[in-house]
Amino acid sequence: MKPAKRMKKERKKKMEESNKKYQIDTEENRKFLEEIREGLLSFGHKFPSPGGSSYYLGDDGTPWTDRNRETWITSRMVHVYSLGCFLGHPGSEALADAGLKGLKGELHDEKNGGWYAGLTSDGEILPNKQCYAHAFVILAASSAVLAGRPGAQELLEDALKLYDLRFWNEEEGLSCDTWNTEFTVLDDYRGLNANMHTVEAFLAASDVTGDEKYRVRAGRIIDHVVGWASRNGWRIPEHFTKEWVADLECNKDQPDDQFKPYGATPGHGIEWARLIAQWALSTYPEEKEAASRYIEVSENLFRRAVNDAWNADGAPGIVYTTDWSGRPVVHDRMHWTLAEAINTSAVLYHVTGKQEYADDYAQFMKYLDEMVLDHVNGSWFHQLDRNNQLIGTVWPGKSDIYHALQATLIPCYDAGLSIAPAVKGGKKLV
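A brief report on the enclosed structure follows. Predicted model, so just to flag it, every value in this text is computed and none were measured. (Residues numbered from 1 in each chain as written. Predicted model: local features only at pLDDT ≥ 70, side-chain atom pairs only at ≥ 80, totals over all residues. Heavy atoms only, no water.)

1. Some remarks on the overall build of the protein
Consideration 1: Counting its secondary structure elements, the protein contains 14 helices and 14 strands.
Consideration 2: In terms of overall dimensions, the protein is globule-like: its C-alpha atoms have a radius of gyration of 21 Å, near the 22 Å expected for 430 residues.
Consideration 3: Based on the C-alpha atoms only, the size of the protein along its principal axes is roughly 80 × 50 × 45 Å.
Consideration 4: Out of the 430 residues belonging to the protein, those deemed buried represent 58%.
Consideration 5: Placing the 49 positive and 63 negative side-chain charges of the protein at their respective mean positions leaves the two points 8 Å apart. (Helix = DSSP H or I, 4+ residues; strand = E, 2+ residues; numbered from the N terminus. Rg over C-alpha atoms; globule rule 2.2 N^0.38 Å. Buried < 20%, exposed > 50% of the residue type's maximum accessible area, 1.4 Å probe, protein only. Lys, Arg positive; Asp, Glu negative; His and termini not counted. Charge placed at Lys NZ, Arg CZ, Asp CG, Glu CD.)

2. Observations concerning the packing of helix 9 (residues 266–283) against helix 10 (residues 288–309)
A pair of packed helices is captured by two measures, namely the crossing angle of their axes and the spacing between those axes.
Consideration 1: Helix 10 packs onto helix 9 with a crossing angle of 165° between their chain directions and a minimal axis gap of 8 Å. With respect to their mutual orientation, helix 9 and helix 10 come out roughly antiparallel. For the pair helix 9 and helix 10, the sense of crossing is left-handed. Of helix 10, the residues touching helix 9 (which contributes Pro266, Gly269, Ile270, Trp272, Ala273, Ile276, Ala277, Trp279, Ala280 and Leu281) are Ala291, Tyr294, Ile295, Val297, Ser298, Leu301, Phe302, Ala305, Val306 and Ala309. (Axes fitted to C-alpha atoms, helices over the stretch in contact; angles between N-to-C directions. Parallel < 35°, antiparallel > 145°, perpendicular 65-115°, else oblique. Left-handed = near helix turned anticlockwise from the far one by under 90°. Contact = heavy atoms within 4.5 Å.)

3. Some details on the nonpolar core
Consideration 1: In this structure, Tyr81, Trp272, Ile342, Leu368 and Trp380 are the most contacted members of the largest nonpolar core, which totals 129 residues.
Consideration 2: Those residues in contact with tryptophan 272, other than ones at most four positions away along the chain, are Leu192, Asn195, Met196, Val199, Ile221, Ile222, Val225, Ile236 and Leu301. (Core = buried A, V, L, I, M, F, W, Y, C linked by side-chain atoms within 4.5 Å.)

4. Overview of the sheet that holds strand 14 (residues 383–384)
Consideration 1: A sheet is described by the order of its strands in space; here 3 strands give the open sequence 12-13-14, paired in antiparallel fashion. The sheet is open, and its two borders are formed by strand 12 (319–322) and strand 14, each paired with just one other strand.
Consideration 2: Pairing between strand 12 and strand 13 (residues 328–334): 3 bridges, direction antiparallel. When the bridges of strand 13 are listed, threonine 321 appears paired with valine 330. (Pairing = 2+ DSSP bridges.)

5. A closer look at the pattern of salt bridges
Consideration 1: In the structure shown here, the tally under the stated rule is 20 salt bridges.
Consideration 2: With its nearest N and O atoms 2.7 Å apart, the salt bridge here joins aspartate 164 to arginine 217. In this pair, aspartate 164 is assigned in helix 6 (residues 152–166) and arginine 217 in helix 8 (residues 213–230), connecting sequence segments 53 residues apart.
Consideration 3: Judged by relative accessible area, which is 24%, aspartate 164 ranks as partly exposed. (Salt bridge = Lys/Arg side-chain N within 4 Å of Asp/Glu carboxyl O.)

6. Thoughts on the environment of isoleucine 36
Consideration 1: Along the chain, isoleucine 36 turns up in helix 2 (residues 27–43).
Consideration 2: The class for isoleucine 36 is buried, based on a relative accessible area of 8%.
Consideration 3: Discounting residues that sit within four places of it in the chain, isoleucine 36 has contacts with Leu368, Leu373, Trp380 and Thr408.

7. As for helix 12 (residues 355–372)
Consideration 1: Between the first and last C-alpha of helix 12 there are 24 Å, a value that for 18 residues agrees with the 26 Å anticipated at 1.5 Å per step.
Consideration 2: Within helix 12 the residues assigned to the buried category are Tyr357, Ala358, Asp360, Tyr361, Ala362, Phe364, Met365, Tyr367, Leu368, Asp369 and Val372.
Consideration 3: Those residues of helix 12 that are buried are in contact with helix 2, helix 10, strand 13, helix 11 (335–352) and strand 14. (Expected span 1.5 Å × (residues − 1).)

Okay, here's the thing in structure tokens:
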């Protein structure tokens, strides 16, 4: 064989092998996910402060000790290192225990109950009690219980009891958002970000405790979301008044807010699609017709978000927000939206068997490898601009590894189970 012809054949072979690592359910893709997973777990080792609350991690995994240490980040790290326990990652037990120390200690309000939003770098209390943070405490405790970590069962019981008392509204079938530190004044704002992570937490709690009350509650939240989204072109309203009237103009003057951005957030549409599919599969395991109605909802949410946001401005990536007609508002690409796109495309492919979702998954994995994975310092770049250049106006550094780590696991496991029990039980798909 002539050298030029041989080189062309070798290039073609390498290209085929490279493409396989992006394709769902291939051995090459599973190996690629495993490599990313181990890198992420190694990257996060320096998160615990002496008191256990999580430092915000910088670009190379070095703690930014001058930033606040927040409850939601600490909870996420307990969750991921509980997963690390099941995966056999060295040091995971000690890291999960360190985060639990923070949740049971300096982040917990012994006087008023519940968990502070966090602590400043000087150890001062961050005011307010956030539904968002409390949902993550439930998720963390659920995973830690499965991992057999000391004190996790008591933490889970306390977190569920507190959440039931302060955040869940049984009459509305939804959760409120923010109290003052003393739980005496409830803010008028209502939001779906906290309710979305409540669904995640409730599904995990139900899977771990066997109490189906929490799965039923998750379904009540979901039914509200389905109604709002279906009446709004499958773009989910995010912000509401205390009467649960949608505030579609909220933060129009500050559209890139970390937690309350203006307009539709395609990444949340994608994330809701996955959670709705998980709820439907776990709620109606023997009732295909009932489950299929919600799977169709998941498909509508996913396709709307991807059509609006992927490659919306001539460059790959998912824009952060759009207006209510689907036009991009904030063009930046956040790493968590890509993680959720990987997860949901995998889930929908496995549930429906439709090739379009496998194709979506492959393009998301390729984009991850080429643009979002930090092949030098580790982890994923958390924010890129519309030209896929690194910026940090909303998410500087690499705060935690929760979204990214789950994106290396959810594509491989039973979509009807929360990820911690799925990984512990070895409920792999292939």
